[in-house]
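# Topology and contacts: notes
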Amino acid sequence: MQVDLRVLRYDPERDSKPYWAEYLVESGPMERVLDLLHRVKWEQDGTLTFRRSCAHGVCGSDAMLINGRNRLACKIRVDQLGRRISVAPLPGLPVVKDLVVDMEDFFAKYRSVRPYLVNEAPLPARERLQSPQARARYDDTTKCILCAACTTSCPSFWAQKSYVGPAAIVNAHRFVFDSRDEAAQERLEILADKDGVWRCRTVFNCTDACPRGINITQAILEVSAAIVERRI
Ligand code: SF4
Ligand code: F3S
Ligand code: FES
């Protein structure tokens, strides 16, 4: 079948503003949007620019706005979208070129919550043990691939770019509720800030957008409850 593929393109060195480019692309129904973008790049216009790496929903590098929703180009199939497909960069982040956005601010917010295990106790001989129940407490939030589909679909983030955003809160949650970690208090203090969890208005766009099916809004509510519980 032939797909009408529209791509919002922008090269800051050449274009005064973004514009829609249209391509007719041959595709099978089970192919993914990433296949179409490759076909355009390899067969029609080598200047088309986008990020991708694994092509299997693991690396998180090809999130984009596809038919009005943030999704991974390597996961969404043509038969899920129809013959007219539009692709634009993730909303709310500066465009570097075409579908590539500047992720610096996104990753700075991620780093701000100390997204790694903090434990100053001497290392045990083999490993820091944890029961299956304690491991299950934060299982959902271990699945994040840092694609930014959640943060860039959040109206609170669009309105206030200083909001730390759902992705950073998800990654804080992953360690706040880890029984081996010792920095929960510090992370919760960071997230109790005016640009932390209280900017969430439980819109649920983030949860709808997450390609890993993480219940993001629930994680945000659990972090908020922990802040209240500790009276931070
Ligand atoms: Fe992507 Fe989901 Fe992680 Fe957000 S929580 S960055 S949508 S994987
Ligand atoms: Fe935004 Fe998700 Fe909260 S969309 S307002 S972070 S529930
Ligand atoms: Fe890695 Fe899509 S290319 S998640």
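Refer to the structure above for everything that follows.
Right, let's walk through the structure included here. These figures come from a predicted structure and were not determined experimentally.

### Considerations on the overall build of the protein
Looking only at helices and strands, one finds eight helices and seven strands in the protein. Burial analysis of the protein (232 residues in total) assigns 46% to the buried set. In the protein, the proportion of contacts linking residues at least 24 apart, taken out of those at least 6 apart, comes to 63%. Roughly 11800 Å² of accessible area belongs to the protein as shown, and the carbon and sulfur atoms make up 51% of that amount. Looking at charge distribution, the protein has the averaged site of its 34 positive side-chain charges lying 2 Å from that of its 30 negative ones.

### Remarks on the site of ligand 1
Around ligand 1 sit 13 residues in total, of which C144, C147, A148, C150 and C210 are the nearest. For the shell around ligand 1, a count of residues per class yields 12 nonpolar, no polar and one charged.

### Digging into the nonpolar core
Counting residues in hydrophobic clusters, the biggest one holds 65 residues, and the most contacted among them are L5, V33, L37, I66, I85 and L191. Per-element accounting of this core gives the leading share, six residues, to helix 5 (residues 166–176). When sequence neighbours within four positions are dropped, the list of residues in contact with L5 reads A21, E22, Y23, V25, L36, L37, V40, I85 and V87.

### Looking at the site of ligand 2
Every one of the 13 residues lining ligand 2 counts as a neighbour, but C154, C200, R201, F204 and C206 are closest to it. Mapped by element, the contributors of at least two residues to the shell around ligand 2 are helix 7 (205–209) and helix 8 (216–229). Split into classes, the residues belonging to the shell around ligand 2 amount to eight nonpolar, four polar and one charged.

### What to know about the environment of R230
For R230, the position within the fold is in the segment after helix 8. Judged by its relative accessible area of 42%, R230 is partly exposed. Spatially, the C-alpha atom of R230 lies 8.4 Å from that of Q185, the residues being 45 residues apart in sequence. With residues near it in sequence (within four places) discarded, R230 still touches A184, Q185 and L188.

Conventions and cut-offs
- Residues numbered from 1 in each chain as written.
- Chains lettered and ligands numbered in written order.
- Predicted model: local features only at pLDDT ≥ 70, side-chain atom pairs only at ≥ 80, totals over all residues.
- Heavy atoms only, no water.
- Helix = DSSP H or I, 4+ residues; strand = E, 2+ residues; numbered from the N terminus.
- Buried < 20%, exposed > 50% of the residue type's maximum accessible area, 1.4 Å probe, protein only.
- Contact = heavy atoms within 4.5 Å.
- Areas by Shrake-Rupley, 256 points an atom, 1.4 Å probe, with all protein chains shown as cover.
- Lys, Arg positive; Asp, Glu negative; His and termini not counted.
- Charge placed at Lys NZ, Arg CZ, Asp CG, Glu CD.
- Near = heavy atom within 4 Å.
- Nonpolar A, V, L, I, M, F, W, Y, C, P; charged D, E, K, R; others polar.
- Core = buried A, V, L, I, M, F, W, Y, C linked by side-chain atoms within 4.5 Å.

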